[in-house]
Amino acid sequence: PKHPLQNQWQLWYFRPGARGSAWEDNLLDVTHFDTVEDFWALYNHIELASHLNAGSDYSVFKYGIRPMWEDEKNKAGGRWLFTFNKKATSGRQIDETWLEVLLCLIGEAFGEDSDQICGAVINIRAKMDKISVWTNDFKRVQSITNIGKILKQRTGYTPGITYEAHSDTIVKTGSMAKHLLQL
Ligand SMILES: CN(C)c1nc(=O)c2c([nH]1)N([C@@H]1O[C@H](COP(=O)(O)OP(=O)(O)O)[C@@H](O)[C@H]1O)CN2C
């Protein structure tokens, strides 16, 4: 029998939008999975994130949570943000970091704080790729800190990471979104 995951997860793909298209129209629900075997079958079936065209995203969220600020489960939350300067990062590095983040999520690596996890996003962009882990309540500082520490340990990511509330990201001016926490 297949090995069940604690949660069911959904993979979304965001395609670079045709000019003037609505953001949400480019967010596509690909599939969902809830066993270890089905995760690997999916991961091995789809394109590596580093091979996606600039402007694309993958999102892996708990089933039923849409990877958007407005979702009930996201609107009071925020994200830990990992950034990767394309000039200084190999495709292999970004792919390995993304996979490790996914394994933390589906493997419930955050103990009792795992219930605050909504999902993870990788943004493939022309100059700066981003990986973010979204949690459901930006006020849970201790839990968010624990989650950030585990993510840095498991990924071996050494630069700083910042946590920002989605409500701040939405009104951000450039990359000046208000940082609630830094690790
Ligand atoms: C419901 N709704 C419209 C809506 N709901 C959302 O949840 C949501 C958006 N819109 N997003 C739009 O994409 C732009 C790039 O953000 P980016 O995170 O891709 O980052 P880049 O600036 O492309 O690096 C954002 O500025 C925003 O316009 C982003 N986003 C998460």
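The structure this text deals with has already been given above.
Model, not experiment: these values are computed from the prediction.

Enquirer: Teacher, can you tell me more about the sheet that holds strand β5 (residues 117-124) here?
Expert: Ordered in space as β2-β1-β3-β5-β6-β4-β7-β8, the 8 strands form an open sheet in which the pairing is antiparallel. The open sheet is flanked by β2 (27-35) and β8 (181-182), the only strands paired with a single partner. In the sheet, strand β3 (residues 56-62) pairs with β5 via 6 bridges, with the strands oriented antiparallel. Looking at β5, one finds that Ser56 is bridged to Ile124. Of the strands in this sheet, β1 (4-14) and β2 touch helix α1 (residues 36-45), which is tilted by about 140° from β2. Strands in contact with helix α3 (residues 141-155) are β4 (78-85), β5, β6 (128-135), β7 (162-165) and β8; relative to β4, the strand with the most contacts, it is inclined by about 30°.

Enquirer: Could you clarify how one ought to interpret the nonpolar core in this entry?
Expert: If you look at soluble globular proteins, the nonpolar side chains tend to sit buried side by side. In this structure, Trp80, Trp98 and Leu151 are the most contacted members of the largest nonpolar core, which totals 36 residues. At the level of secondary structure, the elements contributing two or more residues to this core comprise β1, α1, β3, β4, α2 (91-106), β5, β6 and α3. Of all the elements, α2 adds the most residues to this core, at 8 residues. Those residues within four positions of Leu151 in sequence are excluded, and the remaining contacts are Trp80, Phe82, Val101, Cys104, Phe110 and Val133. Within the second largest apolar cluster, 9 residues are counted, among which are Trp12, Phe14, Met68 and Cys118.

Enquirer: What should I look at first to understand the site of the ligand in this one?
Expert: Close to the ligand lie Trp23, Met68, Trp69, Glu70, Arg125 and Lys130. Contacts to the ligand include Trp23, whose side-chain N or O atom sits 3.3 Å from an oxygen atom. Separating an oxygen atom of the ligand from a side-chain N or O atom of Arg125 is a distance of 2.8 Å. Expressed as a share of its isolated accessible area of 620 Å², the protein-covered part of the ligand is 62%. By residue class, the composition of the shell around the ligand is 3 nonpolar, no polar and 3 charged.

Definitions and limits used
Residues numbered from 1 in each chain as written. Predicted model: local features only at pLDDT ≥ 70, side-chain atom pairs only at ≥ 80, totals over all residues. Heavy atoms only, no water. Pairing = 2+ DSSP bridges. Helix = DSSP H or I, 4+ residues; strand = E, 2+ residues; numbered from the N terminus. Contact = heavy atoms within 4.5 Å. Axes fitted to C-alpha atoms, helices over the stretch in contact; angles between N-to-C directions. Core = buried A, V, L, I, M, F, W, Y, C linked by side-chain atoms within 4.5 Å. Buried < 20%, exposed > 50% of the residue type's maximum accessible area, 1.4 Å probe, protein only. Near = heavy atom within 4 Å. Polar contact = N/O pair within 3.5 Å; in protein donor to acceptor, adjacent residues only side chain to side chain. Areas by Shrake-Rupley, 256 points an atom, 1.4 Å probe, with all protein chains shown as cover. Nonpolar A, V, L, I, M, F, W, Y, C, P; charged D, E, K, R; others polar.

Any link to function would need more than the numbers given here.
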